[in-house]
Amino acid sequence: MKKVLTLLLLMNSLVSLAQEPLNLNYYLPQGISYDESIPKPKDVIGHEVGAWHVTHDKLMFYMQTLAKASDRITIENRGETFEGRPILLLTVTAPNNHNNLDQIQKEHMALSENGNTAPISQMPIIVYQGFSIHGNEPSGSNAALAYAYYLAAAQGPEIEVILNNMVILLDPSFNPDGLQRFAYWANTNKNINLNADTNEREYHEVWPGGRTNHYWFDMNRDWLPVQLPESRARIETFHKWLPNVLTDHHEMGTNSTFFFQPGEPDRVHPLTSKMNQELTREMGTYHAKALDKIGSLYYSEEGYDDYYYGKGSTFPDVNGSIGILFEQGSSRGHIQESENGLLTFPFTIRNQLTTALSTIEAASTMREKILNYQRQFYRDIKNEVDKNKTKGIIFGDNKDGAKAWHLAEIMQRHKIKIHELANNVTLNGKSYTKGKSYVIPTDQKNPRLVQAMFEKRTTFTDSLFYDVSAWTFPLAFNVDYTEVSSLSNAGSPIAELRPLSGTVNDQSNYAYLFEWNEYYTPKALNMIVEKGLRAKVAKSPFVLKGKRYDYGTIMIPVQNQELNPSELYQFLTQVARDSRLNITSVGTGLAKGIDLGSNDFDPIKKQKIAILVGDGIRAYDAGEIWHLFDTRYNIDLTKIDIRYLGSANLNQYTDIIIPSATNTALSKKNTAKLKDWVKSGGTLIGYRTVAEWFNKNDFMKLKFKKDSLIAKHISFDQKRDFNGAQVTGGAIFEAKLDRSHPINFGYKNDKLPLFRNTNIYIEPDKDSYNNPIKYTNTPLMSGYISGENLELLKNSVPFQVQQLGKGKVMAFTDNTNFRAFWYGTNKLLMNAIFFGEMM
């Protein structure tokens with residue numbers, strides 16, 4: 001009965017709020033005074049918090065104004081987003097602490113050093129609070145307005161104690177570009193008379209929505225890979241301070257209430273300590289008390305997990321910190337009907353502010369306990385290192401220095417010590433080359449983070465995952481790696497990675513060669529063909545001047561080019577430098593195997609590539625491809641929205657990519673148009689669900705393996721878990737390669753780790769040569785897959801290519817460009833584009 005009355009009161013208050021003018025007092029704790037010299041949000045941004053969705057520029061202006069007005073706050077710009085917006089950080093603490101901030105930071109970081117015994121009774125606790133990493137989950141960043149005002153203006157002993165004993169790192173917008181995009185949508189569709197109808201346009205964003213950053217990435221998956229500028233800024237701050245608590249304010253479905261961690265008890269990564277979860281649970285009592293006080297419904301320990309370390313609320317857990325996820329039911333605009341009554345934007349903001357305040361109350365009260373936990377965390381892992389027989393990990397690729405360099409770059413962003421390889425060495429049949437290989441000692445501050453990045457795990461206590469179940473970095477990069485029992489092969493420690501470089505060894509009057517193994521070779525080849533130069537690709541290996549050249553070697557003849565020999569040399573020198581690879585000058589075409597004039601060298605044509613985007617296309621997949629072309633390879637990629645595909649002239653394109661899409665994304669008319677285009681000679685490349693669409697619409701003839709699993713002997717309440725256990729949320733599998741096939745040019749090994757998060761299984765073609773990539777009979781390398789699905793996966797094929805008229809159709813069952821850190825399979829798409837006609 002009490003709960004029913006509380007809900008009725010809550011609904012009445014929401015209706016009342018929707019009809020009355022907003023006031024900052026609705027959000028703020030009452031019974032305390034506020035410094036009148038501190039400007040309120042409305043004084044700067046021109047409207048009350050929650051009356052409109054704050055745009056990032058207004059949010060920035062207010063934070064800058066506060067920093068000027070308050071001696072409790074300093075502000076810094078840590079970089080820029082892809083769209084040029086500042087990545088801000090406010091440091092909030094007592095004025096006396098500001099005067100001693102460097103010393104506080106130094107003493108705090110000493111907690112993580114082995115043997116530290118410094119007293120902590122007077123040591124401030126460090127709390128990092130971040131808001132709205134998903135731009136269309138805006139209540140967090142809007143709450144940051146009122147929260148920053150409170151921190152600057154609140155008076156009295158309670159706030160004084162908190163600020164004296166705490167340094168707050170306030171990140172008001174984890175995702176400036178996405179926040180700006182969503183604010184535009186919500187504000188331009190707002191009615192004077194607020195309309196709560198769920199069918200109202202305000203609550204239905206146009207594709208791709210404001211959730212993501214500029215390249216449509218879910219940035220809450222990038223804390224571990226750190227491939228995006230926003231992530232790199234916050235990771236640098238994290239490692240500079242090693243905050244004791246990090247909070248991550250999100251939104252969820254409109255019909256939900258409010259969630260705070262801990263999450264599902266059985267879905268915690270094994271490397272996360274039990275004490276971490278106990279402290280998270282204790283802090284949860286403060287959130288519950290605060291939400292009870294304002295009558296807000298909430299839940300905990302269900303729905304969300306603490307497994308993937310690439311999320312903001314889980315990454316801290318492997319670093320001796322406490323990560324806390326907050327999820328608020330979203331109004332997705334200004335007011336919306338929900339199962340819990342009218343859900344207003346101000347109500348969502350108030351919940352976020354309330355838990356931001358309960359966080360600092362909990363951190364202040366539990367300060368010594370949490371500081372001691374962090375110190376003990378680093379003592380414990382030091383003991384683990386001493387007992388570990390593995391003393392280091394060597395990783396590298398003797399054919400591809402760039403991939404190994406970028407993996408080393410991630411290590412350095414996480415302050416993981418790495419060394420050069422002292423000398424070339426072969427271990428367990430794997431060759432490691434000095435300059436293209438690195439050594440990670442296990443004896444360092446946080447070897448548990450290294451373990452989290454390098455381990456392979458295939459057994460789990462729970463079969464349900466909120467995100468991926470595997471992310472093993474050397475497999476993602478497709479580099480060789482070996483655990484070693486000594487550091488005898490370790491060279492000098494690397495303080496800072498030297499930039500990658502490339503050269504041409506000499507000028508030639510005959511030809512230039514470069515193998516296709518290096519990561520940036522597609523960038524180089526594109527530069528060459530864009531210049532109007534002739535280039536050819538070797539379909540067979542050969543040996544020239546004692547050097548073996550593999551499948552896919554690129555040859556640029558000197559004669560009959562648009563540039564004279566001297567100009568060509570200068571241009572290729574620039575290509576080598578920009579693409580960070582070595583190009584070899586040769587003076588003869590006579591070789592062992594095919595000669596340079598052989599018909600087994602196929603000409604490379606200039607490619608013009610388009611990608612379909614818009615409603616029905618999975619924005620993440622499309623954005624990852626766009627990012628790959630635009631930021632890594634500098635290859636023009638035309639984004640064609642499905643809305644105007646029917647009127648677009650496709651004849652100019654050699655290749656069109658369809659990322660994962662719904663079966664109804666393309667109309668019958670557009671389907672016919674694409675089919676005619678392929679028959680005229682185009683190459684159509686589809687990902688994930690598009691494979692089934694290809695088959696259904698007669699672009700390809702594919703046979704799929706289907707499961708026949710039936711739920712038996714389970715109750716109704718077990719149905720969700722039964723179905724969830726069949727989801728392959730993200731795991732890594734081994735495939736065998738036919739290295740002579742053009743789709744595999746550039747891969748030196750005949751095995752390749754593939755990421756997959758679908759249950760699409762294609763049966764192999766009856767002709768073995770039409771199965772250039774095929775899963776092995778024991779494919780699971782890391783992650784979770786159900787037994788039924790594992791059987792279907794064995795010996796299936798993740799790629800098929802077939803002729804349609806004069807053109808080609810290619811299908812990948814899974815994403816080869818996953819989250820920008822799956823470097824190891826990026827080249828498959830490049831091969832499909834540059835070498836498609838050869839397949």
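Look above for the structure.
Residues numbered from 1 in each chain as written. Predicted model: local features only at pLDDT ≥ 70, side-chain atom pairs only at ≥ 80, totals over all residues. Heavy atoms only, no water.

J.: Explain the sheet that holds strand 23 (residues 592-593) to me, please; I cannot follow it from the model alone.
T.: Within a sheet, neighbouring strands are paired by backbone hydrogen bonds and run either parallel or antiparallel to one another. Taken in spatial order, the three strands make up an open sheet running 20-19-23, and their pairing is antiparallel. In this open sheet, the two edge strands, each paired with only one partner strand, are strand 20 (547-549) and strand 23. One ladder, built from two bridges, connects strand 19 (residues 542-544) with strand 23; its direction is antiparallel. Residue pairing across strands places Val543 opposite Lys592, the latter belonging to strand 23. (Pairing = 2+ DSSP bridges. Helix = DSSP H or I, 4+ residues; strand = E, 2+ residues; numbered from the N terminus.)

J.: Can you walk me through the layout of surface pockets in this structure?
T.: A water-sized probe, rolled over the atoms, reveals where empty space remains. Volume-wise, the largest pocket comes out at about 670 Å³. Lining the largest pocket are 31 residues; nearest its centre among them are Gly401, Gly435, Lys436, Glu518 and Asn582. Secondary-structure elements contributing two or more residues to the lining of the largest pocket are helix 13 (401-413), strand 11 (419-421), strand 14 (437-441) and strand 17 (511-514). For the lining of the largest pocket, the leading source of residues is helix 13, giving three residues. Taken together, the residues of the lining of the largest pocket break down into 11 nonpolar, 10 polar and 10 charged. Size it by volume and the second largest pocket reaches roughly 550 Å³. In this structure, the second largest pocket is lined by 19 residues; those nearest its centre are Pro29, Glu158, Ala290, Lys293 and Leu357. Among the elements of the structure, helix 7 (157-164), helix 10 (274-294) and helix 11 (345-365) are those that each provide at least two residues to the lining of the second largest pocket. Looking at side-chain class alone, the lining of the second largest pocket contains 11 nonpolar, three polar and five charged residues. (1 Å grid on protein atoms, 1.4 Å probe; cavity = no way out; pocket = protein on both sides within 12 Å on 5 of 7 lines; lining within 4 Å. Points joined across faces, edges and corners; volume = space filled by probe spheres on them. Nonpolar A, V, L, I, M, F, W, Y, C, P; charged D, E, K, R; others polar.)

J.: Just checking my understanding: could you explain empty space enclosed by the protein for this structure?
T.: Counted according to the given criterion, the structure contains seven cavities of 30 Å³ or more. When its volume is computed, the largest cavity comes out at roughly 130 Å³. Lining the largest cavity are 16 residues; nearest its centre among them are Lys403, Asn478, Asn517, Gly746 and Tyr747. Among the residues making up the lining of the largest cavity, the classes are represented as four nonpolar, five polar and seven charged.

J.: Hey, could you run me through the environment of Thr503 in this one?
T.: As for its position among the elements, Thr503 is in the loop between strand 16 (490-493) and strand 17. Among the residues examined, Thr503 registers a relative accessible area of 43% and is labelled partly exposed. Taking the C-alpha atoms as reference points, Thr503 and Val690, separated by 187 residues in sequence, lie 41 Å from one another. (Buried < 20%, exposed > 50% of the residue type's maximum accessible area, 1.4 Å probe, protein only.)

J.: Please clarify how the pattern of salt bridges should be interpreted in this entry.
T.: Once the charged atoms of two side chains with opposite charge are near each other, the side chains can pair. Evaluated as defined, the whole model comprises 40 salt bridges. A salt bridge links Glu420 to Arg498; the nearest nitrogen and oxygen atoms lie 3.3 Å apart. With a gap of 78 residues between them, Glu420 in strand 11 and Arg498 in the loop between strand 16 and strand 17 connect regions that are remote in the sequence. Look at Glu420 and you get partly exposed, because its relative accessible area is 24%. Salt bridges sharing common partners tie together Glu137, Arg211, Asp218, Arg221, Asp467 and Arg819. (Salt bridge = Lys/Arg side-chain N within 4 Å of Asp/Glu carboxyl O.)

J.: Help me understand the sheet that holds strand 6 (residues 258-260), please; the structure alone is not making it clear to me.
T.: Spatial ordering of the open sheet is given by 1-2-4-3-5-7-6, a layout of seven strands whose pairing is mixed. In this open sheet, the two strands that pair with only one neighbour each are strand 1 (73-80) and strand 6. Averaged over neighbouring strand pairs, the angle between their axes works out to 20 degrees when direction is ignored. Note: strand 6 against strand 7 (residues 322-329), three bridges, orientation antiparallel. Bridge pairing links Phe258 to Gln328 in strand 7. Against the sheet, helix 12 (residues 367-387) makes contact with strand 3 (125-131), strand 5 (245-252) and strand 7, and its axis sits at roughly 90 degrees relative to strand 3, the strand it touches most. (Axes fitted to C-alpha atoms, helices over the stretch in contact; angles between N-to-C directions. Contact = heavy atoms within 4.5 Å.)

J.: How do you make sense of the environment of Lys706 when you look at a structure like this?
T.: Looking at where Lys706 falls in the secondary structure, it is placed in the loop between strand 29 (704-705) and helix 21 (719-724). Given a relative accessible area of 57%, Lys706 falls into the exposed group. Taking the C-alpha atoms as reference, Lys706 lies 42 Å from Pro447; in sequence the two are 259 residues apart. Beyond its immediate chain neighbours, meaning those up to four positions away, Lys706 contacts Glu692 and Leu792. Here Glu692 takes part through its side chain, which lies 3.2 Å from a polar atom of the side chain of Lys706. (Polar contact = N/O pair within 3.5 Å; in protein donor to acceptor, adjacent residues only side chain to side chain.)

J.: Where do I start with the nonpolar core in this structure?
T.: One recurring pattern in soluble globular proteins is that nonpolar side chains are buried together. Counting residues in hydrophobic clusters, the biggest one holds 233 residues, and the most contacted among them are Ile657, Ile658 and Phe835. Looking at this core element by element, the count peaks at 11 residues for helix 6 (residues 139-153). Core analysis: the next-biggest nonpolar cluster, separate from the first, contains 12 residues, Ala511, Tyr549, Met555 and Phe601 among them. (Core = buried A, V, L, I, M, F, W, Y, C linked by side-chain atoms within 4.5 Å.)

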